[in-house]
Amino acid sequence: MRQKVTKNSFSSGEISPLLRGRTDIQQYNDAVEKLNNYLIRQQGGISKRPGTKYIGEVIDQTAALRLQKFVYNTEQGYMLEFSPLKIRVLRDEGFVTEASSATTGATAADPVVISDTTHAYVDGDIVTISGVAGMTELNGKNYIVNNSSAGVSFEIQDMLGTNIDGTGYTAYSGPGISERHVVITTPYTGPQIETLSFAQSNDILYIASESHQPRKVSRSSDTVWTIEEVDNKDGPYGAENLTATTLTPSATTGSITVTASANLFASTDVDRVVRFHHDGSTPIAGWGRITAYSTATSVTVSLGSDLGAITATEVWRLGAWSATTGYSSTITFHENRLWFGGSTVEPNTFWGSKTDDYENFEPTEPSTLVVADNNGLRFQISSEQSNAIQWMKSGPIMFIGTKGGQYAVKSSGAAITPSDVSVKRQNGYGSSIVEPHLIANSLLYNDRSTRKIMEMVYNYDADSYESREISVVSNHILRQGTRAIYTSYQQTPDNIIWYTLEDGALVGMTFLKEQKIIAFHTHNMA
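Residue positions are given per chain, counted from 1 along the sequence in the order it is written. Totals for whole chains, interfaces and linings use every residue, but because this is a predicted model, local features are given only for residues with pLDDT of at least 70 and side-chain atom pairs only at 80 or more, for both listing and counting. To get the side-chain values, take all heavy atoms of the structure and skip hydrogens and water.

What's the story with the overall build of the protein chain in this structure? I'm lost.
Going along the chain from the N terminus, every DSSP run of H or I of four or more residues is numbered as a helix, and every run of E of two or more is numbered as a strand. Within the protein chain, the secondary structure is distributed over two helices and 42 strands. Each of the three principal axes of the protein chain carries a C-alpha extent, and together these read 85 × 75 × 35 Å. Think of it in three bands: with a 1.4 Å probe and only protein chains considered, a residue is buried below 20% of the maximum accessible area for its type, exposed above 50%, and partly exposed in between. When burial is assessed residue by residue, the protein chain has 50% of its 526 residues classed as buried. Here, two residues are considered to be in contact whenever any of their heavy atoms come within 4.5 Å of each other. Expressed as a percentage of contacts within the protein chain between residues at least 6 apart in sequence, the contacts between residues at least 24 apart total 56%. Surface exposure here means Shrake-Rupley accessible area, sampled with a 1.4 Å probe, where a residue is shielded only by the protein chains that are shown. Summed over its atoms, the accessible surface of the protein chain is roughly 24,200 Å², and 48% of this surface lies on carbon and sulfur atoms. Positive: Lys, Arg. Negative: Asp, Glu. His and the chain ends are not part of the count. Note that the charge is assigned to NZ on lysines, CZ on arginines, CG on aspartates and CD on glutamates. Positive and negative side-chain charges of the protein chain, numbering 41 and 55 respectively, have mean locations separated by a distance of 9 Å.

Right, here's the structure in full:
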C-alpha cells in the first residue's frame, strides 16, 4: 500500500545503494535514492538546476578541453578555454573578439569566399560573422579562416574544418562585420592539459606543467593576451655537486664557455641554469643560463651575474628544471612567494621564490653567500617513499598533497624562510592531481584514486591535521567507472563544489559544514 511521507530535508543528497536499509541513521532520513539535475540548497531543500546557454562550438571537437577561470577582481573575470595547443578567451557569456572588420561581399559558392578589404586574418583564425544583409545564413556563427589574402578576401570553414557550401544561400546584398576571436598559441597537448596547475597574481596567470618550462599568461587589455616562458633567475637548483667533477668558466662576464672535467651535459640542458662558487673571490657566486650544447663536457653559458674567477671549481649546482630533468608540475602562491612542487627527477621536492620577486630563486647573496630570510629556498620531503607532489595549497599554513600523504609546511616565526621551515606529514591518504579546496577550516581533496572526497581538519588534541572521507554516504557516485578530473567551487548562492567527470557529466556537492549539509547531486549536460 502506498504511503505519503512528509520530507522536509534533503541535506544528505543522493545516497549509496548500500545504505538503503540503514533506516537507523539520520542521513537516510535526509536523503533520496536518485537526484539528477536538481540542486541541494543551503536551507536543505531542493530545486531544479538552471538551464545552460549555448555560446558556440569548441575549437577542437575531437579532443577534451579544460576551462580555467581568470579573475582579476570581482568586476573583471574571464574564462580560458584550453584545447590542444590553444587558449581561447571568453567573457560575459561570449567569446572575446578583436575590433570588427567590415565585409563587402560573399559568394554563394562552395566554399563561401568573404570579401573584406581591411582584414588581417591568417589561416586557422576563428571569426564570427554578423550583420550581413541578404545572405543571413552566415550571421551569428563562428568560422575557421582558410586561404586568406590579407586586405582582400578569405574562405570560411565550419569548426570541424569543412568548407562552407553556400550554393543554396540567399544572395549577399549588404555589408556585415567579421570579428576575430582572441586565441593564444600554447605548447600544451591534449593529454598535458589535464595535468596543468595554475596560480594567478593580478593580470598574470602562472602555469606549471611537468613537460614544459613554466609559463605565464598575461592580460594587457580586454583583447590583448600573451603567453611566455617564465624567465627564472638564479634557480631553482638541484642539490649541490658532491662529486669530483669540476666546472671551468672561460670568462667572468657575458657569453662564456664552460668546460666540465667529466661527462656532464646533454643537449637537453639548453636553457638550464647553472651556479658557480669560487671561494675567496668577489663575488663568491655567480650564475648563468646554458644557451648552446657542444659536447658532454662543453656548453655555452650566458651569464646572468658576474663570476669572481675563471678557475676550476667543484662547488656548483645545475638547475632543477630542464628537458633533461623535467619541470615543476604544481604551483601556488604563499606568503608572498611563488612556490613550485615536484619534477620528473625530484618528484618530492619543492622550491620557493624570493619574497615579492616571483621569478627570482637566488639561494644566497652572491657576494657573501649569506642566506637571507627573503632568499629562495629548496626543500626535499623526507619520507620512506619518494611520492610525487600532486598539489600545493595556501592557507594559514601551506598544505602539500602527495601520492602517499598530506604535509603541513610552516615556520616557527612569522613566515617561512630558508632557515625556518618545517614540513610534517599529517596522514597517509594519498592525493590525486584534482585541485583541492580550502573552505572555512576544512581542506577538501580527492584521494589518489580520485573516487573519494576527503576532508582534512585540524585536531587540537593530536596537534595535527586529520583526514576523513566525506563521500562515504554517496560513495557510488564517483565509483561508477569514471573519475573526477576537474573541480571548481561556487560559493554563491549554495556553497557547491562541482566536479567534472571523464565522461563529461557533472557532480555537485553542496557543502555547508555548520549546517551539517554534505549532499551530492548529479547532472547530465547532454
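I would appreciate a short explanation of unusual backbone geometry in the present structure.
Keep in mind that most residues, glycine aside, have a negative phi and that most peptide bonds are trans. With an omega of -5 degrees, the peptide bond running from Thr 282 to Pro 283 counts as cis. As for its position among the elements, Pro 283 is in the loop between β23 (273-277) and β24 (285-295). Residue Pro 493 is reached from Thr 492 by a cis peptide bond, and omega for that bond is 5 degrees. Tracing the backbone through its elements, the reader meets Pro 493 in the loop between β39 (484-490) and β40 (496-501). Not every positive phi belongs to a glycine, and Asp 356 is a case in point at roughly 60 degrees. As for its position among the elements, Asp 356 is in the loop between β29 (349-352) and β30 (377-380). One non-glycine residue, Leu 369, lies in positive phi territory at about 65 degrees. In this fold, Leu 369 is placed in the loop between β29 and β30. With relative accessibility at 26%, the residue Leu 369 sits in the partly exposed group.

Before we go on, may I ask you to explain the sheet that holds strand β9 (residues 101-102) in this structure?
Two pairing modes exist for strands in a sheet, parallel and antiparallel, and in both the strands are linked by backbone hydrogen bonds. Here a strand pair is declared whenever DSSP counts at least two bridges between the two strands. Ordered by their spatial adjacency, seven strands build an open sheet running β9-β15-β12-β13-β14-β11-β10, and the pairing between neighbours is antiparallel. Bordering the open sheet on either side are β9 and β10 (105-106), each of which pairs with just one other strand.

Sorry if this is basic, but what is going on with the side chain of Ser 343 here?
Take Ser 343: it is sitting in the loop between β28 (337-341) and β29. What qualifies as a polar contact is a pair of N or O atoms within 3.5 Å, subject to a donor-acceptor requirement within protein and to the restriction that residues adjacent in sequence count only when both atoms come from side chains. Within polar-contact distance, the side chain of Ser 343 engages the backbone nitrogen of Glu 346 at 3.0 Å. Not counting the four nearest positions on each side in its chain, Ser 343 is found in contact with Glu 210, Thr 325, Gly 326, Tyr 327, Ser 328 and Trp 351.

Hey, could you run me through the side chain of Gln 390 in this one?
For Gln 390, the position within the fold is in strand β31 (residues 389-394). A distance of 3.5 Å separates a polar side-chain atom of Gln 390 from the backbone oxygen of Ser 431. Beyond its immediate chain neighbours, meaning those up to four positions away, Gln 390 contacts Thr 330, Gly 401, Thr 402, Lys 403, Ser 431, Ser 432 and Ile 433.

Looking at this structure, I do not really get the pairing of β29. What am I missing?
Each regular strand shows side chains that alternate between the opposite faces of the sheet. In β29, alternate side chains face the same way, and those of Thr 349 and Trp 351 on one face and Phe 350 and Gly 352 on the other are all buried. In this structure, β28 lies alongside β29, joined through three bridges in antiparallel fashion. By the bridge assignment for β29, Trp 339 is matched with Gly 352. Bridge analysis of β29 against β30 gives four bridges, and the strand direction is antiparallel. Directly across from Thr 349, in β30, lies its bridge partner Gln 380.

So what exactly am I meant to see when it comes to the packing of aromatic side chains here?
Centre-to-centre distance and the angle between the planes together describe a pair of aromatic rings. A pair of Phe, Tyr and Trp rings is counted when the ring centres sit within 6.5 Å of each other, with Trp represented by its six-membered ring. The angle between the planes then sorts it: under 30 degrees is stacked, over 60 is edge-to-face, the rest tilted. Taken as a whole and assessed by the stated rule, the structure comprises 17 aromatic pairs. Aromatic side chains Tyr 206 and Phe 333 sit 5.9 Å apart centroid to centroid with 70 degrees between the ring planes, which places their arrangement in the edge-to-face category. Of this pair, Tyr 206 sits in strand β18 (residues 204-209) while Phe 333 sits in strand β27 (residues 330-334), and the two are 127 residues apart along the sequence. For Phe 333, a relative accessible area of 17% corresponds to the buried category. For the ring pair Trp 321 and Phe 340, a centre distance of 4.7 Å and an interplane angle of 70 degrees mean the geometry is edge-to-face. With Trp 321 in the loop between β26 (316-318) and β27 and Phe 340 in strand β28, the pair connects residues that are 19 residues apart, well separated along the chain. One aromatic cluster in this structure is built from Trp 321, Phe 340, Trp 351 and Phe 361.

Please explain the sheet that holds strand β38 (residues 464-469) as it appears in this structure.
A sheet is described by the order of its strands in space; here four strands give the open sequence β35-β36-β37-β38, paired in antiparallel fashion. On the outer flanks of this sheet lie β35 (437-439) and β38, each paired with one strand and no other. Neighbouring strand axes in the sheet, compared pairwise and without regard to direction, differ in orientation by 30 degrees on average. Here three bridges tie β35 to strand β36 (residues 442-446), and the two strands are oriented antiparallel to one another. Considered in β36, the bridge of His 437 is made with Leu 444. The axes are straight lines fitted to the C-alpha atoms, using for helices just the contacting stretch, and the angles between their N-to-C directions are given from 0 to 180°.

Would you take a moment to explain the pattern of salt bridges for this structure?
Here the idea is simple: oppositely charged side chains can pair when their charged atoms come close. Should a side-chain nitrogen of Lys or Arg be within 4 Å of a carboxyl oxygen of Asp or Glu, the pair is scored as a salt bridge. Overall, the coordinates contain 24 salt bridges when judged by the stated rule. The salt bridge involving Arg 91 is made with Asp 92; its shortest N-O contact spans 3.9 Å. Taken together, the shared-partner salt bridges in this structure form one network comprising Arg 91, Asp 92 and Asp 222.

Can you walk me through the nonpolar core in this structure?
Side chains of nonpolar character tend, in soluble globular proteins, to be buried together. By nonpolar core we mean a set of buried residues, namely Ala, Val, Leu, Ile, Met, Phe, Trp, Tyr and Cys, connected to one another through side-chain atoms within 4.5 Å. In this structure, Leu 80, Phe 82, Val 89, Ile 207, Val 217 and Trp 225 are the most contacted members of the largest nonpolar core, which totals 19 residues. When residues of this core are assigned to their parent elements, the largest contribution, three residues, is made by strand β6 (residues 77-83). Sequence-distant contacts of Trp 225, defined by excluding residues within four places in its chain, comprise Phe 70, Tyr 78, Leu 80, Val 89, Val 182, Ile 184, Val 217, Ser 218 and Arg 219.

Just to check I follow, could you spell out the environment of Trp 339 for this structure?
Following the sequence through the fold, Trp 339 ends up in strand β28. Sequence separation between Trp 339 and Ile 518 is 179 residues; the distance between their C-alpha atoms is 32 Å. Apart from the residues within four sequence positions on either side, Trp 339 is in contact with Thr 330, Ile 331, Thr 332, Phe 333, His 334, Phe 350, Trp 351, Gly 352, Leu 377, Met 392, Met 398 and Ile 416. Among the polar contacts listed, one links the side chain of Trp 339 to the backbone oxygen of His 334, at a separation of 2.9 Å.

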